Amino acid sequence: KDTVDVATEEVATLKEIKVEPAVGSDFDAILSAKAELKLKVNGGFEFVVDSDTKLNDGTKNFVLSNDTTGVTVDDDEIVVDLDSLSPSLTKTNDTWKITGLKVEATSAKAGSTATVKVSLTGSDTVSVEVAKVVDYTVVMSVDEDEDVPVIYSGVNVDNDGITDDSDHKSLEVTIKESFAGAWNNS
């Protein structure tokens, strides 16, 4: 329901992704043998997984990495073979949550949107917009209806400036990055 901002060639942690059964009150009614949960991200983006990337079935956490039996992670796809997970996944709950999943904008340009397709055997495939690529920008603004002041340090030959002893008018200045680190890259 909510996207995160990511800059080109940067990594951002996605909001929690919830998986719910399309029919019935739990997953047990829709899942059969050979059930799989797949996450696929569109071109220009790749998944970044680590020990914080987890699938929670309501009672247990499963780390989504190639080190976990039943989980296959590729650059743009994560496949969970639900029958191979050990201990087995709880299918009697009504919500599974994927947390800590990160996405990298490998070749996506500013304005692009990362979409994750979530598919589960026995259910419809759902596409969710999860991230938007932003430019590295820094915006300086003032809260009042005034012009942004010139910011400098020291004085000129007429003793005008921050360090003289005359009264100065000041405004609160807000400096906002479009993405963490934009200040260093702009």
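Relevant structure appears above.
So, how was this worked out
- Every chain begins its residue count from 1, and numbering advances along the sequence as written.
- Totals for whole chains, interfaces and linings use every residue, but because this is a predicted model, local features are given only for residues with pLDDT of at least 70 and side-chain atom pairs only at 80 or more, for both listing and counting.
- Note: side-chain values were computed over all heavy atoms of the structure, leaving out hydrogens and water.
- Here the rule is simple: two strands pair whenever DSSP picks up at least two bridges between them.
- Only DSSP runs of H or I reaching four residues or more are called helices, and only runs of E reaching two or more are called strands; each is numbered from the N terminus.
- Fitted lines through C-alpha atoms serve as axes, helices being fitted only where they are in contact, and the angles separating the N-to-C directions of these axes extend from 0 to 180 degrees.
- As used in this record, nonpolar core signifies buried Ala, Val, Leu, Ile, Met, Phe, Trp, Tyr and Cys residues forming a set joined through side-chain atoms within 4.5 Å.
- Exposure categories follow from relative accessible area, calculated using a 1.4 Å probe and restricted to protein chains: below 20% of the type maximum is buried, above 50% is exposed, and the middle band is partly exposed.
- Here, residues are in contact when the closest pair of their heavy atoms is within 4.5 Å.

Some details on the sheet that holds strand S2 (residues 11–13)
One open sheet accounts for three strands, arranged S2-S11-S5; its pairing is antiparallel. Two strands bound the open sheet, and with one partner strand each, they are S2 and strand S5 (45–48). Direction aside, neighbouring strands of the sheet carry axes that sit 30 degrees apart on average. Inspection of the sheet shows S5 paired to strand S11 (residues 102–105) by four bridges, in the antiparallel sense. Residue pairing in the sheet places Val48 in a bridge with Lys102 of S11.

Comments concerning the nonpolar core
Of all hydrophobic cores here, the largest spans 38 residues; its most connected members are Leu37, Leu55, Val80, Leu82, Trp96, Ile98 and Leu120. Here this core takes four residues from strand S12 (residues 113–120), the largest share from any one element. When sequence neighbours within four positions are dropped, the list of residues in contact with Ile98 reads Lys15, Glu16, Ile17, Val19, Leu37, Leu39, Lys54, Leu55 and Leu64.

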